Amino acid sequence: MAGAQPSWFPLAREEARGLLTAKGPWILAVLLVLWGYRPTYVGWQGLGSNMTIGFLQTAGSFLLPLGVLLLSYRSVVGERTSGSLKFVLGLPMTRSDVLVGKVLGRSAGIAIPISAAAVTLGVIGLIRFGAFSPLLFCGVLLSTVVYVMSLVSVGTALSAVTTSTVRAAGAAFGGVYLVFTAFWTKFAEIIYATVGTAPPETTVGTASVNTFSAPADGLFFLLLRLSPGRAYRVLTNWLLGVGNSGGSFDAVITKLETPTSITIYTVESAFHGQTPPAYLHELSGVVILLCWLLVPLGVARYRFERGDLV
């Protein structure tokens, strides 16, 4: 029938409604405002009143992925342990529809409070620092929503392929958050040193110390942006016009203005005017975020449809 709702829509609506009527997403929104509002002299010098838009990136850097994973990792496994998943699977929809409904519904239920937090930061910035670009603000906000959807997809996928909330929590926070958010730069250095060029060794006194200097190698910078968080910052830094890097916008400005004062990996400083590989264009951030959105969902769909995870 023309105009009929997709079979996953009722589930998505219920997922979104459940989150929007819960305290968790709105508490996260308040915390994001408090976390994101960080005016700096460097940010003002580099962006002027558009520094307000940079607050959205700051809000999305570390607290946002933690909150989104916390609100996503129980989406399927919670219903499995309570027994309500069998009822959901008894509805006239496929298991793929269940996953799509979960991801889209939870994404909407989280994105709306986060958008409210972004608007609040915008209003505060407008009052304190003057008018900023509304088009740029919408672009960064849209990027943030895509980032949220990617994280929800990861959390939901982990929830769908595990059989207990403890395992899902361990995979979400121990694997995704700590490895790919908090410490991914260090992991990327280790991976590159293993498969690429080993870091130079320097000697301080009698101790041997390994120091890593960013090489002009596309492989290393590609590894860096494989993290969803760094891919998000690569994209938003491009929109903000501060440089090609997965670091925070104010750190990137500092690095490019005073190269020896801070250890931040930027394509411009590493390649020293050389032409970097095409795959290091900032639009690669979009591609990587979409991969984080689709690939975990595809793997979870394969496992979930086998019927042994009910």
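In this text the structure is predicted, and so the values were computed from the model without any measurement.

Quick notes on the rules
Just so you know, the residues in each chain are numbered from 1, in the order the chain's sequence is written. Thresholds applied to this predicted model are a pLDDT of at least 70 for local features of residues and 80 or more for the giving and counting of side-chain atom pairs; totals over whole chains, interfaces and linings are not thresholded and use all residues. Side-chain figures throughout are based on the complete set of non-hydrogen atoms in the structure, without hydrogens or water. Secondary structure counts use DSSP, requiring at least four H or I residues in a row for a helix and at least two E residues in a row for a strand, with both numbered from the N terminus. Think of it in three bands: with a 1.4 Å probe and only protein chains considered, a residue is buried below 20% of the maximum accessible area for its type, exposed above 50%, and partly exposed in between. Pairs of residues are marked as contacts when any of their non-hydrogen atoms sit within 4.5 Å. Method for areas: the Shrake-Rupley scheme with a 1.4 Å probe, in which residue coverage is limited to the protein chains shown. For each structure, a 1 Å grid was placed over the protein atoms alone; sets of points admitting a 1.4 Å probe that cannot get out are labelled cavities, open sets with protein on both sides within 12 Å along at least five of seven lines are labelled pockets, and lining residues have an atom within 4 Å of a point. Grid points are joined across faces, edges and corners, and a volume is the space filled by probe spheres set on the points. Each residue is assigned to one of three groups, with Ala, Val, Leu, Ile, Met, Phe, Trp, Tyr, Cys and Pro labelled nonpolar, Asp, Glu, Lys and Arg labelled charged, and all others, Gly among them, labelled polar. Any Lys or Arg side-chain nitrogen located within 4 Å of an Asp or Glu carboxyl oxygen qualifies as a salt bridge. UniProt positions are given in the numbering used here, feature names are shortened, and annotations may be inferred rather than shown by experiment. Each aromatic pair joins two rings of Phe, Tyr and Trp (for Trp, the six-membered one) with centres within 6.5 Å, and gets the label stacked for planes under 30 degrees apart, edge-to-face for over 60, and tilted for any other angle. For patch building, the residue pool is restricted to those with more than 30% relative accessible area and no salt bridge; the joining distance is 9 Å between like charges and 5 Å between nonpolar side chains (Val, Leu, Ile, Met, Phe, Trp, Tyr).

Remarks on the overall build of the protein
- Assigned secondary structure in the protein consists of 16 helices and two strands.
- Among the 310 residues that make up the protein, the fraction classed as buried is 48%.
- Considering only contacts within the protein whose residues lie at least 6 apart along the sequence, 75% involve residues at least 24 apart.
- Total accessible area on the protein is roughly 14400 Å²; 67% of this is exposed by carbon and sulfur atoms.

Some points on empty space enclosed by the protein
- Inspection of the entire model under this criterion finds two cavities of 30 Å³ or more.
- In this structure, the largest cavity encloses a volume near 80 Å³.
- Counting only elements with at least two residues in the lining of the largest cavity, the list comes to helix H4 (51-59), helix H8 (95-129) and helix H9 (134-161).
- For the lining of the largest cavity, the element with the highest residue contribution is H8, accounting for four residues.
- Here the lining of the largest cavity is built from residues that sort into nine nonpolar, two polar and no charged.
- Size it by volume and the second largest cavity reaches roughly 30 Å³.

Some details on the pattern of salt bridges
- Applying the stated criterion to the full structure yields four salt bridges.
- When the shortest N-O distance is used, the salt bridge between Glu15 and Lys102 registers 2.9 Å. Of this pair, Glu15 sits in helix H1 (residues 9-20) while Lys102 sits in helix H8, and the two are 87 residues apart along the sequence. Exposure class is identical for Glu15 and Lys102. Each is buried.
- What you see here is one network of salt bridges that share partners, running through Glu15, Lys102 and Arg106.

Regarding the UniProt feature "transmembrane region" (unreviewed entry) in the protein
- Mapped onto the present numbering, the UniProt feature "transmembrane region" (unreviewed entry) falls at residues 20-37, 49-71, 103-127, 133-154, 166-184 and 283-304.
- Along residues 49-71 the backbone is 74% helical and 0% strand, and the end-to-end C-alpha distance reaches 33 Å.
- Segment residues 283-304 splits into 95% helix and 0% strand. End C-alpha atoms: 32 Å apart.

Considerations on the packing of aromatic side chains
- Inspection of every chain in the model, using the stated rule, returns 14 aromatic pairs.
- A ring pair is formed by Tyr147 and Tyr232, whose centres lie 4.6 Å apart and whose planes are at 10°; its orientation type is stacked. One end of the pair, Tyr147, is in helix H9; the other, Tyr232, is in helix H13 (residues 228-240), and 85 residues separate them in sequence. Here Tyr147 matches Tyr232 in class, with each residue buried.
- Ring plane angle 25° and centroid distance 4.9 Å describe the contact between Phe180 and Trp184, whose orientation is recorded as stacked.
- On the basis of relative accessible area, Phe180 is assigned to the partly exposed category, the value being 22%.
- For Trp184, a relative accessible area of 7% corresponds to the buried category.

Some remarks on a nonpolar patch on the surface
- On the surface, Leu178, Phe183, Phe187, Ile191, Val195 and Leu219 cluster together into a nonpolar patch covering about 510 Å² of accessible area.
- When residues in the nonpolar patch are grouped by element, the largest group, three residues, is from helix H11 (residues 184-195).
- Secondary-structure assignment places Ile191 in helix H11.
- According to the relative accessible area criterion, Ile191 is partly exposed, its value standing at 33%.

Observations concerning the layout of surface pockets
- There is about 400 Å³ of room inside the largest pocket.
- If you list the elements that add at least two residues to the lining of the largest pocket, you get helix H10 (165-182), H11 and H13.
- When residues in the lining of the largest pocket are grouped by element, the largest group, four residues, is from H11.
- A class-by-class count of the residues in the lining of the largest pocket yields seven nonpolar, eight polar and six charged.

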